[in-house]
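Chain residues, written in single-letter form:
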Amino acid sequence: MVTYGAPVLPGAMFMLAYLGEVPIMGLPGCVMYHGTSILDLVLPRILAGEKLTRKDFVKLAHGGLCVQCQPCRYPDCGFGKGV
């Protein structure tokens, strides 16, 4: 298990683990109800073959709050930039 919980809202109850090289994700219910969530930050990196670490999740704390702008401009915003 890499992490259970992420410093990102919506999506604080996200879980990531690996079984060998296979990523296993536990998704919080918010991914069904919010336009942008932790899944939008993590899934592209997983699909690109990147193996995420705990440090990657710690970096997400900077910019980890989606302010649900109207209209949503994700990914052209600070959400989850981790810089």
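Below or above, wherever it landed, is the structure these notes cover. (Residues numbered from 1 in each chain as written. Predicted model: local features only at pLDDT ≥ 70, side-chain atom pairs only at ≥ 80, totals over all residues. Heavy atoms only, no water.)

## Topic: the overall build of the chain
So, point 1. When its secondary structure is counted, the chain shows 3 helices and 3 strands.
So, point 2. Traced from its N-terminal end to its C-terminal end, the chain shows the element sequence β-β-β-α-α-α.
So, point 3. For 83 residues, the compact-globule estimate of 2.2 N^0.38 gives 12 Å, and the C-alpha radius of gyration of the chain, at 12 Å, lies within 12% of that figure.
So, point 4. Considering only C-alpha atoms, the chain reaches an extent of 40 × 25 × 20 Å along its principal axes.
So, point 5. Taking all 83 residues of the chain together, the buried fraction comes to 34%.
So, point 6. Summarising the internal contacts of the chain: among those between residues at least 6 apart in sequence, 44% fall at separations of at least 24.
So, point 7. Per element, the accessible surface of the chain, about 5,200 Å² overall, is 63% carbon and sulfur.
So, point 8. Between the mean site of the 7 positive side-chain charges and the mean site of the 5 negative ones, the chain shows a separation of 6 Å. (Helix = DSSP H or I, 4+ residues; strand = E, 2+ residues; numbered from the N terminus. Rg over C-alpha atoms; globule rule 2.2 N^0.38 Å. Buried < 20%, exposed > 50% of the residue type's maximum accessible area, 1.4 Å probe, protein only. Contact = heavy atoms within 4.5 Å. Areas by Shrake-Rupley, 256 points an atom, 1.4 Å probe, with all protein chains shown as cover. Lys, Arg positive; Asp, Glu negative; His and termini not counted. Charge placed at Lys NZ, Arg CZ, Asp CG, Glu CD.)

## Quick look at the environment of T53
So, point 1. As for its placement among the helices and strands, T53 is situated in the loop between α2 (38-47) and α3 (54-59).
So, point 2. Between the C-alpha atom of T53 and that of A17, which follows or precedes it by 36 residues, the distance is 9.6 Å.

## What about the nonpolar core?
So, point 1. Core analysis: the largest hydrophobic core is formed by 15 residues, its most contacted members being V8, F14, L16, I38, V42, L52 and F57.
So, point 2. Breaking this core down by element, the ones donating at least two residues are β2 (15-19) and α2.
So, point 3. Here this core takes 4 residues from α2, the largest share from any one element.
So, point 4. The contact partners of F14, leaving out residues within four places of it in the chain, are T3, Y4, G5, A6, M25, G26, L27, P28, I38, V42 and F57. (Core = buried A, V, L, I, M, F, W, Y, C linked by side-chain atoms within 4.5 Å.)

## Regarding the sheet that holds strand β1 (residues 3-4)
Within a sheet, each strand pairs with its neighbour through backbone hydrogen bonds, oriented either parallel or antiparallel.
So, point 1. The strand order across the open sheet built from 3 strands is β1-β2-β3, with neighbouring strands paired in antiparallel fashion. The sheet terminates laterally at β1 and β3 (22-26), the two strands that pair on one side only.
So, point 2. Alignment of β1 against β2, held across 2 bridges, turns out to be antiparallel. Looking across to β2, one finds that T3 is bridged to L16. (Pairing = 2+ DSSP bridges.)

## As for α2
So, point 1. Among the residues of α2, those classed as buried are I38, L41, V42 and I46. Looking down the long axis of α2, one finds its buried residues gathered within 115 degrees of arc, a one-sided arrangement.
So, point 2. Where α2 is buried, its residues contact β2, β3 and α3.
So, point 3. Looking at the residues trailing α2, positive phi occurs at G49, about 90 degrees. (Arc of directions from axis to C-beta.)

## As for the packing of aromatic side chains
So, point 1. In the structure shown here, the tally under the stated rule is 2 aromatic pairs.
So, point 2. Here the aromatic rings of Y74 and F79 are separated by 6.0 Å at their centres, their planes lie at 70 degrees, and the arrangement is edge-to-face.
So, point 3. Given a relative accessible area of 26%, Y74 falls into the partly exposed group.
So, point 4. Over the ring of Y18 we find K51; its NZ or CZ atom is 4.8 Å from the centre of that ring. (Phe/Tyr/Trp six-rings, centres within 6.5 Å; stacked < 30°, edge-to-face > 60°. Lys NZ or Arg CZ within 6 Å of the ring centre and 35° of its normal.)

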